[in-house]
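Here is what each chain is made of, one letter per residue.
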Amino acid sequence: MSRAFAKEDDSLEAPIIPPRAALPAGTPNYVTPHGLEQLRQELVGLEAERTQVEASRENEADRTRLLTVLNGRLSALNARLASAKVVDPRGQTAQEVRFGATVRLRTRRGDKPGLERTFTLVGVDEATVAEGKVAFIAPIARAVQGARLGQVLTIRVGAKEEEVEVLEISYKES
(Lines give C-alpha, C1' and ligand atoms only; values in the text may rest on other atoms or scores of the structure.)
Protein backbone atom coordinates (compact mmCIF):
# COMPACT_ATOMS: atom_id res chain seq x y z
CA MET A 1 0.00 0.00 0.00
CA SER A 2 1.20 3.45 -0.81
CA ARG A 3 2.28 5.64 2.08
CA ALA A 4 -0.24 8.23 0.88
CA PHE A 5 -3.05 5.92 1.98
CA ALA A 6 -1.57 4.89 5.33
CA LYS A 7 -2.01 7.03 8.39
CA GLU A 8 1.41 7.14 9.96
CA ASP A 9 2.62 9.63 12.50
CA ASP A 10 6.36 10.18 12.19
CA SER A 11 6.36 12.33 15.32
CA LEU A 12 5.83 9.22 17.50
CA GLU A 13 9.46 8.22 17.10
CA ALA A 14 11.15 8.40 20.51
CA PRO A 15 13.62 11.26 20.81
CA ILE A 16 17.27 10.42 21.36
CA ILE A 17 18.64 11.62 24.67
CA PRO A 18 22.41 12.11 24.43
CA PRO A 19 24.27 10.02 27.02
CA ARG A 20 26.66 11.51 29.57
CA ALA A 21 30.33 10.53 29.53
CA ALA A 22 30.72 6.85 30.38
CA LEU A 23 31.50 5.90 33.97
CA PRO A 24 32.07 2.16 34.43
CA ALA A 25 29.76 0.42 36.90
CA GLY A 26 31.14 0.46 40.41
CA THR A 27 33.59 3.28 39.66
CA PRO A 28 33.27 6.26 42.01
CA ASN A 29 32.26 9.51 40.34
CA TYR A 30 35.26 11.61 41.38
CA VAL A 31 35.11 15.31 40.53
CA THR A 32 37.30 18.27 41.29
CA PRO A 33 35.70 21.30 43.00
CA HIS A 34 35.79 23.04 39.59
CA GLY A 35 34.13 20.02 37.97
CA LEU A 36 31.34 20.07 40.55
CA GLU A 37 30.76 23.76 39.84
CA GLN A 38 30.59 23.01 36.09
CA LEU A 39 27.92 20.35 36.74
CA ARG A 40 25.91 22.79 38.87
CA GLN A 41 26.11 25.46 36.17
CA GLU A 42 24.96 22.92 33.59
CA LEU A 43 21.99 22.09 35.83
CA VAL A 44 21.00 25.77 36.10
CA GLY A 45 21.25 26.13 32.31
CA LEU A 46 19.13 23.04 31.62
CA GLU A 47 16.48 24.09 34.13
CA ALA A 48 16.29 27.54 32.51
CA GLU A 49 15.99 25.95 29.07
CA ARG A 50 13.21 23.65 30.29
CA THR A 51 11.31 26.61 31.77
CA GLN A 52 11.57 28.43 28.44
CA VAL A 53 10.34 25.39 26.48
CA GLU A 54 7.46 24.84 28.92
CA ALA A 55 6.31 28.43 28.33
CA SER A 56 6.39 28.04 24.55
CA ARG A 57 3.06 27.14 22.95
CA GLU A 58 4.01 27.37 19.27
CA ASN A 59 4.32 23.73 18.21
CA GLU A 60 3.03 21.20 20.73
CA ALA A 61 4.78 18.20 19.12
CA ASP A 62 8.18 19.95 19.13
CA ARG A 63 7.56 21.21 22.66
CA THR A 64 6.80 17.69 23.91
CA ARG A 65 9.83 16.25 22.15
CA LEU A 66 12.14 18.96 23.57
CA LEU A 67 10.75 18.51 27.07
CA THR A 68 11.32 14.76 26.86
CA VAL A 69 14.95 15.30 25.87
CA LEU A 70 15.51 18.01 28.51
CA ASN A 71 13.91 15.92 31.26
CA GLY A 72 16.09 12.96 30.28
CA ARG A 73 19.22 15.10 30.36
CA LEU A 74 18.19 16.61 33.70
CA SER A 75 17.60 13.16 35.16
CA ALA A 76 21.04 11.93 34.07
CA LEU A 77 22.71 15.12 35.33
CA ASN A 78 20.96 14.92 38.71
CA ALA A 79 22.09 11.31 39.07
CA ARG A 80 25.66 12.34 38.27
CA LEU A 81 25.50 15.20 40.80
CA ALA A 82 24.06 12.89 43.47
CA SER A 83 26.92 10.42 43.00
CA ALA A 84 29.71 13.04 42.84
CA LYS A 85 32.62 12.58 45.24
CA VAL A 86 34.60 15.79 45.43
CA VAL A 87 38.37 15.41 45.68
CA ASP A 88 40.30 18.64 46.19
CA PRO A 89 43.60 18.27 44.30
CA ARG A 90 45.31 20.70 46.67
CA GLY A 91 45.09 18.03 49.40
CA GLN A 92 47.19 15.51 47.44
CA THR A 93 50.91 14.89 47.79
CA ALA A 94 53.06 16.00 44.84
CA GLN A 95 55.18 12.86 45.15
CA GLU A 96 52.65 10.55 43.49
CA VAL A 97 50.17 10.78 40.58
CA ARG A 98 46.61 10.67 41.85
CA PHE A 99 43.25 12.14 40.89
CA GLY A 100 43.60 15.87 40.20
CA ALA A 101 47.30 15.70 39.32
CA THR A 102 48.81 17.65 36.48
CA VAL A 103 51.48 15.36 35.06
CA ARG A 104 54.33 16.12 32.66
CA LEU A 105 55.80 13.11 30.85
CA ARG A 106 58.74 12.79 28.46
CA THR A 107 58.94 9.94 25.97
CA ARG A 108 62.21 8.05 26.37
CA ARG A 109 61.55 5.21 23.95
CA GLY A 110 58.90 5.00 21.24
CA ASP A 111 57.91 6.79 18.03
CA LYS A 112 58.76 10.27 19.27
CA PRO A 113 61.64 10.25 21.78
CA GLY A 114 61.90 13.55 23.65
CA LEU A 115 58.21 14.38 23.18
CA GLU A 116 56.74 15.98 26.29
CA ARG A 117 53.06 15.90 27.12
CA THR A 118 51.21 17.45 30.02
CA PHE A 119 47.70 16.61 31.17
CA THR A 120 45.51 16.76 34.26
CA LEU A 121 43.52 13.81 35.63
CA VAL A 122 39.92 14.93 36.17
CA GLY A 123 36.39 13.54 36.42
CA VAL A 124 34.64 12.08 33.38
CA ASP A 125 32.31 15.06 32.98
CA GLU A 126 35.09 17.64 33.04
CA ALA A 127 37.50 15.87 30.66
CA THR A 128 38.41 17.95 27.60
CA VAL A 129 41.36 16.87 25.51
CA ALA A 130 41.67 20.36 23.98
CA GLU A 131 42.32 21.74 27.49
CA GLY A 132 44.65 18.90 28.48
CA LYS A 133 42.11 17.41 30.89
CA VAL A 134 41.92 13.62 30.75
CA ALA A 135 39.31 11.48 32.52
CA PHE A 136 40.81 9.50 35.39
CA ILE A 137 39.43 6.32 33.81
CA ALA A 138 41.19 6.89 30.44
CA PRO A 139 43.92 4.35 29.63
CA ILE A 140 46.78 6.87 29.83
CA ALA A 141 45.46 8.19 33.16
CA ARG A 142 45.21 4.68 34.59
CA ALA A 143 48.73 3.92 33.38
CA VAL A 144 50.26 6.84 35.28
CA GLN A 145 48.17 6.70 38.47
CA GLY A 146 50.39 5.78 41.39
CA ALA A 147 53.59 6.73 39.55
CA ARG A 148 56.20 8.75 41.42
CA LEU A 149 58.33 11.68 40.34
CA GLY A 150 61.23 10.48 38.15
CA GLN A 151 59.70 7.03 37.63
CA VAL A 152 59.96 5.43 34.19
CA LEU A 153 56.79 3.73 32.95
CA THR A 154 55.76 1.73 29.94
CA ILE A 155 52.44 2.96 28.58
CA ARG A 156 50.34 1.96 25.61
CA VAL A 157 49.54 4.73 23.14
CA GLY A 158 47.16 3.32 20.57
CA ALA A 159 48.65 0.07 19.32
CA LYS A 160 52.20 0.93 20.37
CA GLU A 161 54.09 0.98 23.63
CA GLU A 162 56.20 3.89 24.85
CA GLU A 163 58.58 4.28 27.70
CA VAL A 164 57.97 7.59 29.48
CA GLU A 165 59.50 9.37 32.45
CA VAL A 166 57.43 11.32 34.97
CA LEU A 167 59.08 14.76 34.93
CA GLU A 168 56.64 16.73 37.06
CA ILE A 169 53.63 16.19 39.30
CA SER A 170 51.66 19.14 40.59
CA TYR A 171 48.32 19.75 42.22
CA LYS A 172 46.42 22.96 41.86
CA GLU A 173 42.77 23.88 41.77
CA SER A 174 41.64 22.98 38.27
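Above this text is the structure in question.
Note that the structure is predicted; figures quoted are calculated from it, not measured.

Undergrad: Honestly, the sheet that holds strand β6 (residues 152-157) in this entry has me stumped. Any pointers?
TA: Backbone-to-backbone hydrogen bonds join strands into a sheet, with any given pair of strands oriented parallel or antiparallel. As summarised here, the arrangement of the 5 strands in space is β5-β4-β3-β7-β6, forming an open sheet in which the pairing is mixed. Whereas interior strands pair on both sides, the edge strands pair on one side only; in this sheet they are β5 (133-135) and β6. The sheet shows a mean angle of 45° between the axes of neighbouring strands, taken without regard to direction. Relative to strand β7 (residues 160-171), β6 is paired through 6 bridges, and the arrangement is antiparallel. Counterpart to L153 in the pairing with β7 is V164.

Undergrad: It is not clear to me how the nonpolar core should be interpreted in this structure. Could you clarify?
TA: Soluble globular proteins: nonpolar side chains tend toward being buried together. Among the nonpolar cores identified, the biggest contains 17 residues, and V97, V103, L105, L121, V144, L153 and V166 are the most heavily contacted of them. Counting residues per element, the ones that place at least two in this core are β3 (101-109), β4 (116-122), α3 (139-144), β6 and β7. When residues of this core are assigned to their parent elements, the largest contribution, 4 residues, is made by β7. When sequence neighbours within four positions are dropped, the list of residues in contact with V166 reads V103, R104, L105, A147, R148, L149, G150, Q151 and L153. By size, the runner-up hydrophobic cluster in this structure holds 11 residues, among which are V31, L36, L39 and V53.

What counts, and at which threshold
Residues numbered from 1 in each chain as written. Predicted model: local features only at pLDDT ≥ 70, side-chain atom pairs only at ≥ 80, totals over all residues. Heavy atoms only, no water. Pairing = 2+ DSSP bridges. Helix = DSSP H or I, 4+ residues; strand = E, 2+ residues; numbered from the N terminus. Axes fitted to C-alpha atoms, helices over the stretch in contact; angles between N-to-C directions. Core = buried A, V, L, I, M, F, W, Y, C linked by side-chain atoms within 4.5 Å. Buried < 20%, exposed > 50% of the residue type's maximum accessible area, 1.4 Å probe, protein only. Contact = heavy atoms within 4.5 Å.

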